[in-house]
Amino acid sequence: MSKIIAQILEAKFQAAPIVPLIEADDPDVAVQTAKALQAGGLDVVEVVLRTDAALDCMEAIVKETSDIIVGAGTVLTVYQAGQAVSRGARFVVSPGLVDAVAQYCLDRSVPIFAGTMTAGEVQRAYALGLRTVKFFPAKLAGGVPMLKALSSVFREMRFMPTGGVSAENLPEFLAVPSVVACGGSWLTPKGSIEAGDYGAITKLAKEAVALAKAARP
Ligand code: 3PG
C-alpha cells in the first residue's frame with residue numbers, strides 16, 4: 001500500500017516537483033488553501049505540525065478534498081509520526097534526522113523526508129536506508145553549491161531542498177538532477193490567507209508550476 005504512495009509521489013513530482021507548506025489553525029482555512037494550490041496544479045501538500053489544530057487541519061484536507069496527497073511536516077518525534085499517520089498523513093517530513101522517527105517510517109513504508117544539512121547527516125540517513133532526504137535549511141545550508149557537493153559524493157541520494165526556496169531560486173534548485181522536489185512556504189503567504197485571497201495562492205502555484213516546467217522541460 002505505502003509503496004504505492006512512494007510511486008504516486010514520484011509521478012506527482014515528475015509533473016510538478018514542488019511541495020507547498022500549509023500552516024493553519026483552522027481546518028476550513030487549511031482545506032481552502034489546499035484546494036487553491038490544487039487549482040494551481042500542486043496536489044502534494046505538507047501540513048506543518050506547528051499549531052494546536054495542525055492534525056485537525058491535515059485530516060480535514062484528507063477528508064474534504066480528493067486527489068491531494070497530504071503529508072505531515074515538522075514531525076519531531078515518533079509519537080507525532082504515529083499521530084500524523086493515523087490521521088491520514090501519506091508522508092512525513094522532519095526538520096532534522098532522528099533515527100527513531102526515520103525507522104518508524106521505514107518500518108511502515110511511509111515515505112519520510114528527514115532534514116539533513118551536512119555530509120555526516122546525509123551519511124547517517126544513507127546508513128539508515130533512506131535514499132531521499134530533505135535538505136534544510138536549503139538556502140542557509142549552502143544552497144545549490146552545497147547541494148551539488150553533497151550530490152557528487154552521495155550518488156544514490158536524492159534531495160528535497162526546503163527553507164529559503166522561492167520563485168526566484170526555484171529554477172536553480174530544480175536544475176540540480178538529484179533534487180526530487182522543492183518544498184516551501186512561499187506559495188502560501190499568511191497575508192493572502194488572512195485576507196481570504198485564495199486566488200493569489202492559485203496564482204503563485206501556477207507560477208511555480210510554470211517555472212518548474214521551464215526548469216525541467
Ligand atoms: C520548513 O518547515 O521546512 C521550513 O520552515 C520552510 O522554510 P520556508 O518557510 O523558508 O519555505
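It should be emphasised that the depicted structure is a prediction, and the values quoted were computed from it without experimental measurement.

(A) Fine view of a negative patch on the surface. A cluster of like negative charges, contributed by Asp-25, Asp-26, Asp-28, Asp-52 and Glu-64, occupies part of the molecular surface. With respect to the helices, strands and loops of the structure, Glu-64 is situated in helix H3 (residues 54-64).

(B) The site of the ligand, seen in detail. Every residue lining the ligand is accounted for by Leu-21, Arg-50, Lys-134, Phe-136, Thr-162, Gly-163, Gly-164, Gly-184 and Ser-185. Contacts to the ligand include Lys-134, whose side-chain N or O atom sits 2.6 Å from an oxygen atom. For the ligand, whose free accessible area comes to 310 Å², the fraction covered by protein is 78%. Its residues placed into classes, the shell around the ligand shows two nonpolar, five polar and two charged.

(C) Examining the environment of Ser-86 more closely. Take Ser-86: it is sitting in helix H4 (residues 78-86). The spacing of Ser-86 and Leu-55 is 31 residues in sequence and 9.9 Å in space, taken between C-alpha atoms.

(D) Highlighting the pairing of strand S7 (residues 158-161). With four bridges joining them, strand S6 (residues 132-135) and S7 adopt parallel strand pairing. Across the sheet, residue Phe-135 finds its bridge partner in S7, namely Pro-161.

(E) Geometry of the packing of aromatic side chains. Under the defined criterion, the tally for this structure stands at one aromatic pair. Taking the centre distance of 5.9 Å and the plane angle of 90° together, the rings of Phe-91 and Phe-113 count as edge-to-face. Within this pair, whereas Phe-91 is found in strand S4 (residues 91-94), its partner Phe-113 is found in strand S5 (residues 112-116), the two being separated by 22 residues in sequence. Across this residue pair, the class does not change: Phe-91 and Phe-113 are buried. Of note, Arg-108 hangs over the ring of Tyr-104, and the distance from its end group to the ring centre comes to 3.7 Å. We note Lys-134 situated over the ring of Phe-136; from NZ or CZ to the ring centre the distance is 4.5 Å.

(F) Representation of helix H7 (residues 143-153) in the model. Gly-143, Val-144, Leu-147, Leu-150 and Ser-151 are the residues of H7 that are buried. Down the axis of H7, the smallest arc covering the buried residues is 125°, so these residues share one side. Exposed and oriented more than 90 degrees from the buried face of H7 are Pro-145, Lys-148 and Val-153. Residues of H7 that are buried in the fold lie against helix H6 (119-128), S6, S7 and helix H8 (170-174).

(G) Quick peek at the side chain of Ser-178. Counting through the fold element by element, Ser-178 comes out in the loop between H8 and strand S8 (182-184). The exposure class assigned to Ser-178 is buried, which follows from its relative accessible area of 12%. Among the polar contacts made by the side chain of Ser-178, one reaches the side chain of Ser-151 at a distance of 2.6 Å. Leaving out residues up to four positions away in the same chain, Ser-178 has contacts with Ser-151, Met-157, Arg-158 and Phe-159.

Parameters and conventions
- Residue numbers restart at each chain and count upward from 1, following the sequence in its written direction.
- Side-chain atom pairs in this predicted model are given and counted only at pLDDT of 80 or more, local residue features only at pLDDT of at least 70, and totals for whole chains, interfaces and linings cover all residues.
- To get the side-chain values, take all heavy atoms of the structure and skip hydrogens and water.
- Note on patches: the residues involved have over 30% relative accessible area and no salt bridge, like charges join within 9 Å, and the nonpolar side chains Val, Leu, Ile, Met, Phe, Trp and Tyr join within 5 Å.
- Using a 1.4 Å probe, accessible areas were evaluated by the Shrake-Rupley method; residue-level cover was limited to the displayed protein chains.
- Within this document, salt bridges are pairs made up of a side-chain nitrogen of Lys or Arg and a carboxyl oxygen of Asp or Glu, the two lying within 4 Å of each other.
- Counting rule applied: Lys, Arg positive; Asp, Glu negative; His and chain ends not counted.
- Taken as the charge location is NZ of Lys, CZ of Arg, CG of Asp or CD of Glu.
- A run of DSSP states H or I qualifies as a helix once it reaches four residues; a run of E qualifies as a strand once it reaches two. Both are numbered from the N-terminal end.
- Definition of nearness: a residue and a molecule or strand are near each other if at least one heavy atom of the residue lies within 4 Å of the molecule or strand.
- Any N or O atom pair separated by 3.5 Å or less is treated as a polar contact, with the protein-specific requirement of one donor-capable and one acceptor-capable atom, and with residues adjacent in sequence counted only for side-chain atom pairs.
- Each residue gets one label: Ala, Val, Leu, Ile, Met, Phe, Trp, Tyr, Cys and Pro are nonpolar, Asp, Glu, Lys and Arg are charged, and the others, such as Gly, are polar.
- Here a strand pair is declared whenever DSSP counts at least two bridges between the two strands.
- Geometry of aromatic contacts follows a simple scheme: Phe, Tyr and Trp rings, the Trp one being its six-membered ring, pair when their centres are within 6.5 Å, and the pair is stacked under 30 degrees between planes, edge-to-face over 60, tilted otherwise.
- For every residue, the accessible area (1.4 Å probe, protein chains only) is compared with the maximum for its type, and the residue is labelled buried under 20%, exposed over 50%, or partly exposed between those bounds.
- A ring is considered to have a charge above it if a Lys NZ or an Arg CZ atom is located within 6 Å of its centre and within 35 degrees of its normal.
- In this context, the arc is that of the directions from the helix axis out to the C-beta atoms.
- By definition, residues are in contact when any of their heavy atoms lie within 4.5 Å.

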